Amino acid sequence: MDMKQINEHCYYFSSSVNIGYVHEGDQGLIIDAGIDQSAIRKVVRQLEDHHLPITHLFITHAHADHYGGASYLRKKYGVKIIAPEMESAILNYPILEPIYMFSGNEPIEELRNKFLEGPPIDVDEVVKEGRFLEDNFDLELIATPGHSYYQLCVATHGVLFAADTYFGKKEIEKHKIPYITCATKTIESLNKLLDYSFNGAVPGHGEYEENYKETVRYNIEYHRKLLHMIYEIVQASSTNISHEELVREMCVKRKVKADQLSMFLLFRTAVTSYLTYWIYRGDIVHSIQQFRWVFHIKEEG
Ligand SMILES: [Zn+2]
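All of these numbers come straight from a predicted model, not from anything done at the bench.

Rules used throughout
- Residues numbered from 1 in each chain as written.
- Predicted model: local features only at pLDDT ≥ 70, side-chain atom pairs only at ≥ 80, totals over all residues.
- Heavy atoms only, no water.
- Pairing = 2+ DSSP bridges.
- Helix = DSSP H or I, 4+ residues; strand = E, 2+ residues; numbered from the N terminus.
- Axes fitted to C-alpha atoms, helices over the stretch in contact; angles between N-to-C directions.
- Parallel < 35°, antiparallel > 145°, perpendicular 65-115°, else oblique.
- Contact = heavy atoms within 4.5 Å.
- Nonpolar A, V, L, I, M, F, W, Y, C, P; charged D, E, K, R; others polar.
- Phe/Tyr/Trp six-rings, centres within 6.5 Å; stacked < 30°, edge-to-face > 60°.
- Buried < 20%, exposed > 50% of the residue type's maximum accessible area, 1.4 Å probe, protein only.
- 1 Å grid on protein atoms, 1.4 Å probe; cavity = no way out; pocket = protein on both sides within 12 Å on 5 of 7 lines; lining within 4 Å.
- Points joined across faces, edges and corners; volume = space filled by probe spheres on them.
- Domains from an automatic or database assignment.
- Donors = N, O, S within 2.8 Å, 3.2 Å for Na, K, Ca; no water.
- Tetrahedral: all angles 85-135°; square planar, octahedral: opposite > 155°, others 65-115°.

Comments concerning the sheet that holds strand S11 (residues 159–161)
Okay, step 1: Pairing in this open sheet of five strands is mixed, and the strands run S8-S9-S10-S11-S12 from one edge to the other. Of all the strands in the sheet, the pair left with one neighbour each is strand S8 (130–134) and strand S12 (200–202). Strand-to-strand, the axes of this sheet are offset by a mean angle of 25°, without reference to chain direction.

Right, dumping it as structure tokens:
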């Protein structure tokens, strides 16, 4: 967990899940809290060594690797917690993630792990896209749904803390099928980031880059490649392909490793996101046949 200073006010702690920090006088805002107490403790130890204040916490989206350390931070420092609408509901009832991953069923015990569910936290202030001018901070909050429902990026002093809107090139390649909940919104959000100009950006997973727009474009191309793979699989199947078979074919094609239910469910959601992109457009149609959810390409004319 290396502390890296970006400019006079902005820092980030580089790790498999990055944590951001904004310093304003006697106040300091931590952006995301890492997966657990041990991750966030490495951050606070370094902030204390540098005599930097810890007063606020912003959670960009309710994924356990971004908020797992929040409850500790709240207990130890009494930080004011700020989070986007709806994401804050999940932070309040973190069992909602294992529930939605499990198609709404009461989750079985193995899904209640720290990668899907962190300790609950009470959010002090629920926020939406727009300018956040409060206490010592002047932040621009940018809505980037697609990876999570109401994810917000934080921009200040020319730096974009991009949450999981995009991944570093190495990181997206490593995921093979990156986790998203909606491919349409994911691509819209990436294009939206291209309309802004910041001095640099730090993603949730990856390194700070001044030339981040190239990485954002790389992400768009990556998602497009997966979208076409899905389309081709449906096109190549002589009969209606089932949802289960489609998930299997994508996972085989991308050579993902999913030997545990929680990993498998994450891939299943991501594959479904690429599939629904074509359903929203009307290019792939779906039906229920003999109790299977099946798909085929919409015929011309
Ligand atoms: Zn995430």
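Here we look at the packing of helix H8 (residues 212–236) against helix H10 (residues 261–281)
Okay, step 1: Two numbers describe how H8 lies on H10: the axes approach to 9 Å, and their chain directions differ by 75°. Classified by the angle their axes make, H8 and H10 are roughly perpendicular. Every residue of H10 that contacts H8 at His-223, Arg-224, Leu-226, Leu-227, His-228, Ile-230 and Tyr-231 is listed here: Val-271, Tyr-274, Leu-275, Tyr-277 and Trp-278.
Okay, step 2: Counted by class, the contact of H8 with H10 contains nine nonpolar, two polar and one charged residues.

Digging into the side chain of Ser-88
Okay, step 1: With respect to the secondary-structure elements, Ser-88 resides in helix H4 (residues 87–92).
Okay, step 2: In contact with Ser-88, other than residues within four places in its own chain, are Ala-83, Val-123 and Val-126.

Some details on the packing of aromatic side chains
Okay, step 1: Summed over all chains, the structure comprises seven aromatic pairs.
Okay, step 2: A centroid spacing of 5.7 Å and a plane angle of 85° characterise the contact between Tyr-100 and Tyr-149, whose relative ring orientation is edge-to-face. Here Tyr-100, found in helix H5 (residues 96–101), pairs with Tyr-149, found in the loop between strand S9 (137–143) and strand S10 (152–156); they are 49 residues apart in sequence, far enough to count as distant.
Okay, step 3: For Tyr-100, a relative accessible area of 24% gives the class partly exposed.
Okay, step 4: Residue classification places Tyr-149 among the partly exposed positions, given a relative accessible area of 30%.
Okay, step 5: Following the ring pairs from residue to residue traces out a cluster consisting of Tyr-231, Tyr-277 and Trp-278.

Considering the layout of surface pockets
Okay, step 1: Empty space within the largest pocket amounts to approximately 1,000 Å³.
Okay, step 2: Around the largest pocket, the lining is made up of 37 residues, and of these Asp-65, Phe-115, His-175, His-205 and Leu-266 lie nearest the centre.
Okay, step 3: The set of elements that each furnish at least two residues to the lining of the largest pocket consists of helix H2 (64–67), helix H6 (169–175) and H10.
Okay, step 4: The residue makeup of the lining of the largest pocket, split by class, is 15 nonpolar, 12 polar and 10 charged.
Okay, step 5: Both domains that furnish three or more residues to the lining of the largest pocket are identified here as domain 1 (2–164) and domain 2 (228–297).
Okay, step 6: Elements represented by at least two residues in the lining of the second largest pocket include exactly H5 and H10.
Okay, step 7: Broken down by element, the residue count for the lining of the second largest pocket peaks at five residues, all from H10.
Okay, step 8: For the lining of the second largest pocket, the per-class residue count stands at four nonpolar, seven polar and one charged.

A short note on the coordination of the zinc ion
Geometrically, a metal with four donors at the corners of a regular tetrahedron has ideal angles of 109.5 degrees, and one with six donors at the corners of a regular octahedron has ideal angles of 90 or 180 degrees.
Okay, step 1: Looking at the zinc ion, the protein donor atoms are His-61 (NE2), His-63 (ND1), His-147 (NE2) and Asp-164 (OD), and they sit 2.1 to 2.3 Å from it.
Okay, step 2: Given four donor atoms and angles of 87 to 176° at the metal, the environment of the zinc ion is assigned as irregular.
Okay, step 3: Going along the chain, you hit the donors of the zinc ion in the pattern H-x1-H-x83-H-x16-D. Of this pair, His-61 sits in the loop between strand S5 (56–58) and H2 while His-147 sits in the loop between S9 and S10, and the two are 86 residues apart along the sequence.
Okay, step 4: When its relative accessible area of 6% is taken as the criterion, His-147 is described as buried.

These values are about where atoms sit, not about what they do.
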